[in-house]
Amino acid sequence: MNQLHHSAIDALAAEVAVVDCDGVILSQNTAWGTSEPGSPLVGDACGVETNYLRWCLARDDLLAPLAQELAEGIRGVLDKTREDFFLEYAGTSVESPSWFTVRVTPFHDNGMARAVVVHEDITDYKQLQTKLGQAQKLETIGQLAAGIAHEINTPMKYIGDNIEWLYERFNRVFEIIDLFEQNLEGTGPKKTWQQRRDEIDELYRRYDFHKLRDRVTEAIGDCREGFQRVSSITKAMKDFSHPGKADRQSIDLNELITKATVITRNRWKYAATLQTDLATDLPMIDCYVAEISQVLINLIV
């Protein structure tokens, strides 16, 4: 039965070791220190009869804080000051990101305190979790799509209407300019300067030229406002639908909240009045941007 247990543990992909009350490794499975990519908190030289606690505390690399936390966790389990210990951590490779967990659980061997240390590669799980999160975001976008289309269509409609109006009005402006050129060049019938002035005044009155300047400025202003509205929606959609980075990023939380209100506007504008009271002195925060964006949208809708 003992051999069966050893064979079963050796068959595990996880890296498993048993340490005594001093933290010395008593036994290990085949994967310990030899699996690929393997936990960065397990080394090739960290085998049977190695004091795993000292090995962790001697680390002086980027993972030294995690190794120290693990050593304290193992000591706590062995001293019975904690029931167990669990830690999730990332690998050190930038080109090929990986994630691991370590769990420490106690057991007794003929009255002697022992602890089982299990490092497990959860990279596939984390990648699947990331894909699932992205799928959930796309599902949310799908649910909001009709409202977002309406939010884009409204400003686009008055942009189109204003452009059509500007097209017609500028044709009238060009007609007045053509009349000016014709009278100045004297290419038409002979006229007195008073007749030429009367023709221009008549065209001015017919096209209400004096009011045209203000109306053109207003129409262009409406187009700019509509463009900015569409631009803010599309930018918010682009940022929200982006998969995001695996690591935390420093972001402006106020900006995320504003984008969330833009994306969801069609869901709340008919049922509520949404007011934001954002702190102007809010510092940048480190967070998982994609996840926080999803939370904000879920809270609003």
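You'll find the structure just up there.
A brief structural summary. (Residues numbered from 1 in each chain as written. Predicted model: local features only at pLDDT ≥ 70, side-chain atom pairs only at ≥ 80, totals over all residues. Heavy atoms only, no water.)

### With respect to the overall build of the protein
- Counting its regular elements, the protein contains nine helices and seven strands.
- Here the protein has a C-alpha radius of gyration of 35 Å; the compact-globule value for 301 residues is 19 Å, and the former is much larger.
- Scored against the burial criterion, the 301 residues of the protein give a buried share of 35%.
- Restricting the contact set of the protein to residue pairs at least 6 apart, pairs at least 24 apart contribute 58%.
- Carbon together with sulfur atoms contributes 54% to the accessible area of the protein, which is approximately 19500 Å² in total.
- If the 32 positive side-chain charges of the protein are averaged to one point and the 46 negative ones to another, these points end up 11 Å apart. (Helix = DSSP H or I, 4+ residues; strand = E, 2+ residues; numbered from the N terminus. Rg over C-alpha atoms; globule rule 2.2 N^0.38 Å. Buried < 20%, exposed > 50% of the residue type's maximum accessible area, 1.4 Å probe, protein only. Contact = heavy atoms within 4.5 Å. Areas by Shrake-Rupley, 256 points an atom, 1.4 Å probe, with all protein chains shown as cover. Lys, Arg positive; Asp, Glu negative; His and termini not counted. Charge placed at Lys NZ, Arg CZ, Asp CG, Glu CD.)

### Side note on a negative patch on the surface
- Residues Glu-175, Asp-178, Glu-181 and Glu-185 make up a contiguous surface patch of negative charge.
- Looking at the secondary structure, you find Glu-185 in helix α4 (residues 123–185).
- Take Glu-185: its relative accessible area is 57%, and that puts it in the exposed class. (Patch = residues over 30% accessible without salt bridge, like charges linked within 9 Å, V, L, I, M, F, W, Y side chains within 5 Å. Salt bridge = Lys/Arg side-chain N within 4 Å of Asp/Glu carboxyl O.)

### Re the side chain of Asp-20
- By the secondary structure assignment, Asp-20 is in the loop between β1 (15–19) and β2 (25–28).
- Arg-114 provides the closest opposite charge to the buried, salt-bridge-free Asp-20, at an N-O distance of 5.5 Å.
- Within polar-contact distance, the side chain of Asp-20 engages the backbone nitrogen of Asp-22 at 2.8 Å.
- In contact with Asp-20, other than residues within four places in its own chain, are Leu-26, Leu-78, Ala-113 and Arg-114. (Polar contact = N/O pair within 3.5 Å; in protein donor to acceptor, adjacent residues only side chain to side chain.)

### A look at helix α9 (residues 289–300)
- Between the first and last C-alpha of α9 there are 17 Å, a value that for twelve residues agrees with the 16 Å anticipated at 1.5 Å per step.
- Along α9, the residues classified as buried are Val-289, Ala-290, Ser-293, Gln-294, Leu-296 and Ile-297. All buried residues of α9 project into a common sector of 160° when viewed along the axis, lining one side. (Expected span 1.5 Å × (residues − 1). Arc of directions from axis to C-beta.)

### Some details on the packing of helix α7 (residues 253–263) against α9
- The interhelical angle for the contact between α7 and α9, taken along N-to-C directions, is 50°, at an axis separation of 9 Å. Relative to α9, the element α7 lies oblique. As for the relative orientation of α7 and α9, their crossing is right-handed in sense. In this structure, α7 uses Leu-253, Leu-256, Ile-257, Ala-260, Thr-261 and Ile-263 to contact α9, whose residues at the interface are Val-289, Ile-292, Ser-293, Leu-296, Ile-297 and Ile-300.
- In terms of residue class, the contact of α7 with α9 is made up of ten nonpolar, two polar and no charged. (Axes fitted to C-alpha atoms, helices over the stretch in contact; angles between N-to-C directions. Parallel < 35°, antiparallel > 145°, perpendicular 65-115°, else oblique. Left-handed = near helix turned anticlockwise from the far one by under 90°. Nonpolar A, V, L, I, M, F, W, Y, C, P; charged D, E, K, R; others polar.)

### Quick word on a nonpolar patch on the surface
- A cluster of nonpolar side chains, namely Phe-170, Phe-174 and Ile-177, defines an oily patch on the protein surface of about 270 Å² accessible area.
- Inspection of the secondary structure puts Phe-174 in helix α4.
- Look at Phe-174 and you get partly exposed, because its relative accessible area is 45%.

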